[in-house]
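Here's the letter readout for the chains.
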Amino acid sequence: MAMSQQGDKQAYGALLEACQRWLRGYYARRIAPAQLDDLVQETLMALHTKRASWDSTRPFLPWLAAIARYRWVDHLRRLYRADETALDTDVAGHDDEPAIAARITLERLFGVLPEAQARAIALVKIDGLSIAEASQATGQSESLVKVNIHRGLKKLAHMIEKA
Amino acid sequence: MVRNSDVLIAELVGSLEPVKPLRFAQGLGLTLAVAAVSVVVAVSWFGLRADLQAGLVNPVHLIATGLYLGLAIAASVTVIVMSRPGVGTDHSGWTWAAAMAALLPAAGLIVGVVGHHDMLSASSLTHGIDCFVRGGAASLAVFAMLVWWLRKGAPTAPDRAGLIAGIAAGSFGIFAFSLSCADNDIVHIGVWHSAAVLAMGAIGRVTVPSLVRW
């Protein structure tokens, strides 16, 4: 990478090839296989754009891992947003893949949350119930449902950033 | 995105240009330089405190300005570190300085309540708002500098980076204006000077993430 920062194209090509292989392994356990290529390419472009932010006195892999994680979180955000938009426009049935991929990822993330928070988020943010309906389904008060959603989402975001 | 990764790599290699790595020392040096200019401008504009002109110091003023300066430097260091990604990098050092600086508003509120200070009198409010606005104004150059540095880098926690950049800038700003503010009252310093730091932190938290996302 130090040579790449100085403009050595041969070293840069070898580096990007190695990064591509590492990124495939990193993302393989985190996203749906069909989205792997897109995310790897996005991350390679981010690496290219932000290559000046690597400090040659520090190890390379933690830098690459931080960029990969950031792109992954961004990818998840876009996935959820696309899912919400699809539901709003009533075309969700045409392509379930983003929703399924999001669901798989969410199931893993929910494992770290208390049951009450995970259930409140799942009912309101994923199943689309209103706060009142979620309150009835869970036996929690409406304000507690809101608090659990807020705290749960905050904890998830924090966990992903710190992971 | 449909193209092959090998094609993308070839394109990226083809467009490679040498880059100058972001240096920690350069980021901190620039921040301190901008802060120094802010201090000079603030003192030139608002004048230096009479006791400092006479070569005297007030203990409360000295401790308060020292705590704000410590927080400003610690938060700036954290922001500059945050501009370079790295799993496992610790970004929590500034919180110790923040905890110490938090003694100022805590002490101000305790003294204000226990000592029955009239914190809401017209003169207190006018003077307090004056310091709040001028301290905030004195922080803008450092704030712009830190945001610019974050944009050059690749912060992976833009929300936190924004909050800490605001706190760093606000602390530098109120430090600069403290050299002009003649008030040594812990209630005034603790409430209004700290309010400027908190407000800049809130502004940073709200405005910076959209500016530095990549």
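Residues numbered from 1 in each chain as written. Chains lettered and ligands numbered in written order. Predicted model: local features only at pLDDT ≥ 70, side-chain atom pairs only at ≥ 80, totals over all residues.

**What about helix H5 (residues 94–101) of chain B?**
All names here are of chain B. Among the residues making up H5, those that are buried are Trp94, Ala97 and Ala101. On an axial view of H5, the arc spanned by its buried residues comes to 60 degrees, and they lie on one face. Among the exposed residues of H5, those oriented more than 90 degrees off its buried face are Trp96 and Ala99. Along its buried surface, H5 packs onto helix H4 (59–82), helix H6 (103–114) and helix H9 (158–178). (Buried ≥ 20, exposed ≤ 12 C-beta atoms within 10 Å, placed from the backbone. Helix = DSSP H or I, 4+ residues; strand = E, 2+ residues; numbered from the N terminus. Arc of directions from axis to C-beta. Contact = placed C-beta atoms within 7 Å.)

**Quick look at the interface of chain A and chain B**
Contact residues are listed per partner, giving 33 residues for chain A and 24 residues for chain B. When contributions to the side of chain A that touches chain B are tallied by element, the ones reaching two or more residues are helix H1 (2–5), helix H2 (9–28), helix H3 (36–49) and helix H4 (60–88) of chain A. Split by residue class, the side of chain A that touches chain B holds 13 nonpolar, ten polar and ten charged. (Nonpolar A, V, L, I, M, F, W, Y, C, P; charged D, E, K, R; others polar.)

**Some thoughts on the nonpolar core**
Within soluble globular proteins, side chains that are nonpolar tend to cluster in buried spots. All names here are of chain B. Formed by 58 residues in total, the largest nonpolar core has its most connected members in Val79, Leu146, Ala165 and Ala168. Contributing elements (two or more residues each) for this core: helix H2 (24–46), H4, H5, helix H7 (122–138), helix H8 (140–152), H9 and helix H10 (186–212). Take this core: its biggest share by element is 14 residues, from H4. With sequence-adjacent residues up to four places away left out, alanine 165 is seen in contact with Val79, Phe143, Leu146, Val147, Leu150, Gly204 and Val208. (Core = buried A, V, L, I, M, F, W, Y, C linked by C-beta atoms within 7 Å.)

**With respect to the confidence of the model for chain B**
In this model, chain B carries a mean pLDDT of 94, and residues with pLDDT of at least 70 account for 99%. This complex was scored by the predictor with a pTM of 0.78 and an ipTM of 0.81. (pLDDT = per-residue confidence, 0-100.)

**Thoughts on the packing of H4 of chain B against H9 of chain B**
All names here are of chain B. Two numbers describe how H4 lies on H9: the axes approach to 8 Å, and their chain directions differ by 150 degrees. As summarised for this structure, H4 and H9 are arranged roughly antiparallel, according to the angle between their axes. Here H4 runs over H9; the crossing is left-handed. Contacts from His61, Ala64, Thr65, Tyr68, Leu69, Leu71, Ala72, Ala75, Ser76, Thr78, Val79 and Met82 of H4 reach H9 at Ala161, Ile164, Ala165, Ile167, Ala168, Ser171, Phe172, Ile174, Phe175 and Ser178. Its residues assigned to classes, the contact of H4 with H9 shows 16 nonpolar, six polar and no charged. (Axes fitted to C-alpha atoms, helices over the stretch in contact; angles between N-to-C directions. Parallel < 35°, antiparallel > 145°, perpendicular 65-115°, else oblique. Left-handed = near helix turned anticlockwise from the far one by under 90°.)

**Some remarks on the environment of threonine 126 of chain B**
In this structure, threonine 126 of chain B sits in helix H7. Along the chain, threonine 126 of chain B and serine 5 of chain B lie 121 residues apart, while their C-alpha atoms are 62 Å from each other.

**Notes on the environment of proline 105 of chain B**
Residue and element names in this part refer to chain B. By secondary structure assignment, the location of proline 105 is in helix H6. When the C-alpha positions of proline 105 and valine 7 are compared, they lie 58 Å apart, and in sequence the two are 98 residues distant. Setting aside residues no more than four positions away along its own chain, proline 105 makes contact with Gly190, Val191 and Ser194.

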